[in-house]
Amino acid sequence: MFSKTFLAASLLAAKAAATIFYAGVAESGGEFGVWSATSTPGTGLPGRLGVEYQFINKAAIDVYVDQNKINLFRVAFLLERMCPISYGLGAKFNETHFQEFADAVNYITVTKGAYCILDPHNYMRYNNPSQQPMTGSIIGDTSDVAAATTAQFAAFWGELAARFKSNEKVIFGLMNEPHDMDTNLVLANDQAAINAIRAVGAYQLVLAPGNGWTGGHSWVQAYTGNSPASSEVMYKITDPVNNTAFDIHEYLDTDFSGGHSVCAQPAASNLAGLTTWLQTYGYKAMITEFGAANGTQCSSYLTDMVNYMAANDVYIGWTAWAAGPLWGTYSPCCTDSQQWGSLEPGSLASDGSPGLYQTVWQKLIQPLLPTTLQKSGIANIKGPGGVCHFMDSVVVVDPSPGLRLVPPELANMSTSGTRNVFKLDQDMEKYVYNERDV
């Protein structure tokens, strides 16, 4: 029986190890166009869509959805374009830029029916992206008078989430790769953002990063710039609707940077500590950046990683790094600065040979695309059927016992027995009832 206050009912435990519900590619390009050799703040801002930056190429999205059958994209943007430095980080947006971004998100989610991670590609920094990932003030750093506050970060996420709360296929990726900061501050910023998102009535999946570039291999490690270890802090995160997973990045080259063409770091051993930690604390994770070079040397490393995620039910999804409309022959990953193209469909290397879309995606990743991908419903940690909400309360439901969504006109239909009907989110105009009581 449901009460009027917050309710949470357990979902069925996973019956199989394979729980990859979301799989696809990261779209890199919305963060482009701000580099400055002299680290000059404001370089390339706001920039011109289609010239300095671009979120997606619709034709490439079509290929990935219609031909490759993926269901997830991760779309990067810059905080300094969404919230110009003259405004400061917060709830006031550059509305032109927001609409450009929303158009890309809506094409993915509404037109094509896929899921989309919103990715502020800022490394937990704001005010100077001119030499990312190292420039800009750390968000929440009270020792830096120029730094945006944790409260401002929360205000930003509250506003962005409010604008997308009726789009059940949006996923909130809180921040790309925090690094070289106090891990307790990462936690504080993550928590403030989650609280703000839930406060505006947005219940979709949240992806929370850790410190140390949110690396899976370093999750249980502490070192200068990554202290304490994420494993010692991030278990404290809370979500009133239990729909937060951890955002993990993991590259396979020697230094885990994704900059080199030789693979040397096997996923199974390097992710073992993180996997155990997730199991211990009952959390899920999504690996939203990983990749490897073309060529046979990296083949087994890459396929082993995809298979490792599929075999461990703490992982619910992944996006490979990276596609994007502005890469040309340049490579986002794993080439020692050689121009081997990108994961963008039709990409070519500088010598005219097939790019990474053909040599890595189609050859190695595509054959391993899961068959369990979610096609509809709100983005959530449990896959199909996960999170519902009604009025000012929230409930995590297990759909299998007979909970169904029904249209408003059925809410007043006569029944032969007792039936509970609950109105869901006002904007979504959905209802749920327990058919066993009808």
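Per chain, residues are indexed from 1 in the order of the written sequence. Local features in this predicted model are restricted to residues whose pLDDT is 70 or higher, and side-chain atom pairs enter the listing and the counts only when it is 80 or higher, whereas totals over whole chains, interfaces and linings include all residues. No hydrogens and no water enter the side-chain calculation; it runs on all heavy atoms of the structure.

A.B. asks: Describe in detail the overall build of the protein chain, supporting the description with residues and values.
C.D. replies: Helix and strand definitions follow DSSP, with helices as H or I runs of at least four residues and strands as E runs of at least two, each counted in order from the N terminus. Counting its regular elements, the protein chain contains 9 helices and 17 strands. Burial here depends on accessible area, computed with a 1.4 Å probe over protein chains only, as a share of the maximum for the residue type. Under 20% is buried, over 50% is exposed, and the range in between is partly exposed. Counting across all 438 residues of the protein chain, residues that qualify as buried make up 58%. If you take every contact in the protein chain between residues at least 6 apart in sequence, the share linking residues at least 24 apart comes to 72%. The accessible surface values rely on the Shrake-Rupley method and a 1.4 Å probe; as for residues, cover is taken only from the protein chains in view. With the model as given, the accessible surface of the protein chain reaches about 16800 Å², and the carbon-plus-sulfur share is 54%. Note on definitions: a residue-residue contact is assigned when non-hydrogen atoms from the two residues lie within 4.5 Å.

A.B. asks: So what's going on with the state of the cysteines? Which residues, and what values?
C.D. replies: Criterion for a disulfide: a pair of cysteine sulfur atoms within 2.5 Å. According to the stated counting rule, one finds 2 disulfides in the structure shown. Between the sulfur atoms of Cys263 and its disulfide mate Cys298 the distance is 2.0 Å. Across the disulfide from Cys263 to Cys298, rotation about the S-S bond amounts to roughly 105°, and the bridge is consequently right-handed. With Cys263 in the loop between strand S10 (244-249) and helix H6 (267-270) and Cys298 in helix H8 (residues 296-311), this pair connects stretches of sequence that are 35 residues apart. Grouping residues by exposure puts Cys263 and Cys298 together as buried. Take the cysteines of the protein chain that form disulfides and number them in order along the sequence; they join up as 1-2, 3-4.

A.B. asks: Tell me what's going on with the packing of helix H3 (residues 95-111) against helix H4 (residues 150-164), and back it up with residues and numbers.
C.D. replies: Helix axes use the C-alpha atoms of the stretch in contact, all axes being lines fitted to C-alpha atoms, and the angles between their N-to-C directions lie in the range 0 to 180 degrees. The contact between H3 and H4 brings their axes to 12 Å, and the two run at 50°. By the angle between their directions, the pair H3 and H4 is classed as oblique. For the element pair H3 and H4, the recorded crossing hand is right-handed. Together, Glu95, Phe98, Phe101, Ala102, Val105 and Asn106 of H3 and Leu160, Arg163 and Phe164 of H4 make up the contact between the two elements. Of the residues belonging to the contact of H3 with H4, the class tally is 6 nonpolar, 1 polar and 2 charged. Roughly parallel means an angle under 35 degrees; roughly antiparallel means over 145; roughly perpendicular covers 65 to 115; every other angle is labelled oblique. Handedness of a helix crossing follows the sense of rotation of the near helix relative to the far helix, less than a right angle counterclockwise being left-handed and clockwise being right-handed. Classes in brief: Ala, Val, Leu, Ile, Met, Phe, Trp, Tyr, Cys and Pro nonpolar; Asp, Glu, Lys and Arg charged; the others, Gly included, polar.

A.B. asks: Run through the pairing of strand S12 (residues 315-323), naming residues and quoting values.
C.D. replies: Burial runs high along S12: 9 of the 9 residues are buried. Both strand S1 (residues 22-27) and S12 contribute to a ladder of 5 bridges, which runs parallel. Among the inter-strand pairings, Gly24 is bridged to a residue of S12, identified as Thr319. Here, strands pair whenever DSSP counts at least two bridges between them. Summarising the sheet, strand S11 (residues 285-289) and S12 pair through 3 bridges and their orientation is parallel. By the bridge assignment, Ile287 is partnered in S12 with Trp318. When the strands point away from the viewer, a crossover counts as right-handed if the path from the first strand over the helix to the second runs clockwise. Remark: the S11/H8/S12 crossover connection has right-handed handedness.

A.B. asks: So, the layout of surface pockets: which residues are in play, and what are the values?
C.D. replies: Put simply, the largest pocket is a space of about 950 Å³. Residues of the lining of the largest pocket, tallied by class, amount to 15 nonpolar, 18 polar and 5 charged. Here a cavity denotes a set of grid points, spaced 1 Å apart and computed over the protein atoms alone, in which a 1.4 Å probe fits but from which it cannot get out, and a pocket denotes an open set meeting protein on both sides within 12 Å along at least five of seven lines; residues with an atom within 4 Å of a point are reported as lining. Grid points are joined across faces, edges and corners, and a volume is the space filled by probe spheres set on the points.

A.B. asks: Describe the side chain of Ser230, naming the residues involved and giving the relevant values.
C.D. replies: Along the polypeptide, Ser230 turns up in the loop between strand S9 (226-227) and S10. For Ser230, a relative accessible area of 1% gives the class buried. Setting aside residues up to four positions removed in sequence, Ser230 forms contacts with Thr183, Gly210, Asn211, Trp219 and Trp277.

A.B. asks: Requested: an account of H4, with residues and values cited.
C.D. replies: Each α-helix turn comprises 3.6 residues. Residues three or four places apart therefore point the same way. Between its first and last C-alpha atoms H4 spans 21 Å; for 15 residues at 1.5 Å apiece the expected length is 21 Å, and the two agree. Within H4, burial applies to Phe153, Ala154, Phe156, Trp157, Gly158, Leu160, Ala161 and Phe164. Close packing links the buried residues of H4 with strand S2 (72-77), helix H2 (79-82), H3, strand S3 (115-120), strand S6 (170-173) and helix H5 (183-199). How far a helix is expected to stretch is found by multiplying one less than its residue total by 1.5 Å.

A.B. asks: So what's going on with the nonpolar core? Which residues, and what values?
C.D. replies: Nonpolar cores are built from buried Ala, Val, Leu, Ile, Met, Phe, Trp, Tyr and Cys residues. Side-chain atoms within 4.5 Å join them into one set. Counting 100 residues, the largest nonpolar core has Leu118, Phe246 and Tyr315 as the members making the most contacts within it. For this core, the element with the most residues is H3, which contributes 7 residues. Beyond its immediate chain neighbours, meaning those up to four positions away, Leu118 contacts Val75, Phe77, Phe101, Val105, Trp157, Leu160, Phe164, Val170, Ile171, Phe172 and Gly173. One finds Phe21, Tyr22, Ile171 and Leu205 within the second-largest nonpolar core, a separate group that totals 13 residues.

A.B. asks: Please give an account of the packing of H4 against H5 that cites residues and values.
C.D. replies: Relative orientation of the contacting elements H4 and H5 amounts to 35°, with a least axis distance of 8 Å. Classified by chirality, the crossing of H5 by H4 is right-handed. Along its contact with H4, which presents Thr150, Phe153, Ala154, Trp157, Gly158 and Ala161, the element H5 presents Leu185, Ala188, Asn189, Ala192, Ala193, Ala196 and Ile197. Residues belonging to the contact of H4 with H5 are distributed by class as follows: 10 nonpolar, 3 polar and no charged.

A.B. asks: Go over empty space enclosed by the protein, please, and point to the residues and values.
C.D. replies: This model, assessed by the stated rule, comprises 2 cavities of 30 Å³ or more. Its boundaries defined by the atoms lining it, the largest cavity holds a volume of some 50 Å³. Forming the boundary of the largest cavity are Phe290, Gly291, Ala292, Leu302, Ala320, Trp321, Cys333, Leu343, Leu356, Val360 and Ile365. Those elements that provide at least two residues to the lining of the largest cavity are S12 and helix H9 (356-365). In terms of residue count, the dominant contributor to the lining of the largest cavity is H9 (3 residues).

A.B. asks: Give me the sheet that holds S1: which residues, what numbers.
C.D. replies: Strand order in this closed barrel of 8 strands is S1-S2-S3-S6-S8-S10-S11-S12, and the pairing throughout is parallel. Pairs of neighbouring strands in the sheet enclose a mean axial angle of 25°, with direction left out of account. Across 2 bridges, the pairing between S6 and strand S8 (residues 206-209) is parallel. Within S8, the residue paired with Phe172 across the bridge is Val206. Set on the sheet, helix H1 (residues 58-67) makes contact with S1, S2 and S12; between it and S2 the angle comes to about 160°. Across the sheet, H5 touches S6, S8 and S10, and the angle it forms with S8 is around 165°.

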